[in-house]
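Topology and contacts: notes
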Amino acid sequence: LARTIEIVVNNVRNRFTSVDYDDMLCPNPVLSVSHSVDTLFTCGPCILGAAMNQVLGRHMQEAWTVGDVQIWGKDEEPTKDDPRWYIPGRTIILEQNKQDMGAHRFTWAERNLMVAATDMPDYDDRPKSVEHYSKTHEKVGVYGLKKLYSDSKKANEEIRIVVKGTSSLN
């Protein structure tokens, strides 16, 4: 989560656009994905997955599979300063279904347990005066140049979040 927060804060402070996201996802970005869900790379689930992939040393757009996340590669010998030593416990990718009885549900498949649901039918808790973030998406042009930021002032600096604690080496 720390890496995700770091990426989001820096990208917003530096007024990232879809061009910057393409660069961030190099080498070999899947442009059809990054351009169709560009809003989700700003502060949604796509940037969470990308950050997790980066921490695990994978390509930022590598797909996740439902179930336990394996943080160590086969026959891998991590260094003592590898950030993965600070990942506590177990990480599980939940199964999602956007059409499960009319809602968007997240299920722990191994236990057949519904963990969360959203987009309930006939329920919208957003104030009518606040426009949904999806309206910032540009079908034509460069995402992030219009409608996303209140100004164009870039910070021209990066913030780093350092995670300290007890490593699983101890």
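In this text, all values refer to a predicted model and were calculated from it rather than measured experimentally.

**Details of the overall build of the protein chain**
- A count of helical and extended segments in the protein chain gives five helices and five strands.
- Taken from the N to the C terminus, the helices and strands of the protein chain come in the order α-α-α-α-α-β-β-β-β-β.
- Projected onto its principal axes, the C-alpha coordinates of the protein chain cover approximately 50 × 45 × 30 Å.
- Counting the 170 residues in the protein chain, one finds 28% classified as buried.
- Of the contacts formed within the protein chain by residues at least 6 apart in sequence, a portion of 52% connects residues at least 24 apart.
- A total of about 12100 Å² of accessible surface is found on the protein chain, and carbon and sulfur atoms cover 54% of it.
- Distance between charge centres in the protein chain, computed from 21 positive and 24 negative side chains, equals 4 Å.

**Here's the deal with a nonpolar patch on the surface**
- There is a patch of nonpolar side chains on the surface, built from Leu1, Ile5, Val9, Leu48, Tyr86, Ile159, Ile161 and Val163 and spanning about 680 Å² of accessible area.
- Within the fold, Val163 resides in the segment after β5 (113-118).

**Concerning the layout of surface pockets**
- In this structure, the largest pocket encloses a volume near 1000 Å³.
- Taken together, 31 residues line the largest pocket, and the ones lying closest to its centre are Pro45, Cys46, Gly49, Trp64 and Gln96.
- Looking at the lining of the largest pocket, the elements that each hand over two or more residues are α4 (38-43), α5 (45-55), β2 (92-93), β3 (95-100) and β4 (103-108).
- In terms of residues, the lining of the largest pocket owes the most to one element, α5, which gives seven residues.
- Looking at side-chain class alone, the lining of the largest pocket contains 19 nonpolar, nine polar and three charged residues.
- Around the second largest pocket, the lining comprises 21 residues; the ones closest to its centre are Leu1, Ala2, Arg3, Val55 and Ile87.
- When residues of the lining of the second largest pocket are traced back to their parent elements, those giving at least two are α1 (2-13) and α5.

**Observations concerning the sheet that holds β5**
- Ordered by their spatial adjacency, three strands build an open sheet running β3-β4-β5, and the pairing between neighbours is antiparallel. Edge positions in the sheet fall to β3 and β5, since each of these pairs with one other strand and no more. Ignoring strand direction, the axes of neighbouring strands in this sheet form an average angle of 30 degrees.
- Here β3 runs beside β4; their pairing, made up of four bridges, is antiparallel. Its bridge partner being in β4, Asp100 is matched across the sheet by Ala103.

**Here's the deal with the packing of α1 against α5**
- Where α1 contacts α5, the axes come no closer than 8 Å and their chain directions differ by 120 degrees. With respect to each other, α1 and α5 are oriented oblique. Once α1 is placed against α5, the crossing between them reads as right-handed. Contacts between α1 and α5 involve Arg3, Thr4, Ile7 and Val8 from the former and Ile47, Leu48, Ala51, Gln54 and Val55 from the latter.
- Tallied by class, residues from the contact of α1 with α5 come to six nonpolar, two polar and one charged.

**A word on α5**
- Within α5, burial applies to Ile47, Gly49, Ala50, Ala51 and Asn53.
- Turning to α5, the residues buried within the fold contact α1, α2 (18-24) and α4.
- Directly after α5, the chain includes Gly57, whose backbone phi takes a positive value near 75 degrees.

**Notes on the nonpolar core**
- Ranked by size, the top nonpolar core spans 13 residues in total, and within it Ile7, Tyr21, Met24, Phe41, Ile47 and Met60 carry the most contacts.
- Those elements that provide at least two residues to this core are α1, α2 and α5.
- For this core, the element with the most residues is α5, which contributes three residues.

Conventions we followed
- Residues numbered from 1 in each chain as written.
- Predicted model: local features only at pLDDT ≥ 70, side-chain atom pairs only at ≥ 80, totals over all residues.
- Heavy atoms only, no water.
- Helix = DSSP H or I, 4+ residues; strand = E, 2+ residues; numbered from the N terminus.
- Buried < 20%, exposed > 50% of the residue type's maximum accessible area, 1.4 Å probe, protein only.
- Contact = heavy atoms within 4.5 Å.
- Areas by Shrake-Rupley, 256 points an atom, 1.4 Å probe, with all protein chains shown as cover.
- Lys, Arg positive; Asp, Glu negative; His and termini not counted.
- Charge placed at Lys NZ, Arg CZ, Asp CG, Glu CD.
- Patch = residues over 30% accessible without salt bridge, like charges linked within 9 Å, V, L, I, M, F, W, Y side chains within 5 Å.
- Salt bridge = Lys/Arg side-chain N within 4 Å of Asp/Glu carboxyl O.
- 1 Å grid on protein atoms, 1.4 Å probe; cavity = no way out; pocket = protein on both sides within 12 Å on 5 of 7 lines; lining within 4 Å.
- Points joined across faces, edges and corners; volume = space filled by probe spheres on them.
- Nonpolar A, V, L, I, M, F, W, Y, C, P; charged D, E, K, R; others polar.
- Pairing = 2+ DSSP bridges.
- Axes fitted to C-alpha atoms, helices over the stretch in contact; angles between N-to-C directions.
- Parallel < 35°, antiparallel > 145°, perpendicular 65-115°, else oblique.
- Left-handed = near helix turned anticlockwise from the far one by under 90°.
- Core = buried A, V, L, I, M, F, W, Y, C linked by side-chain atoms within 4.5 Å.

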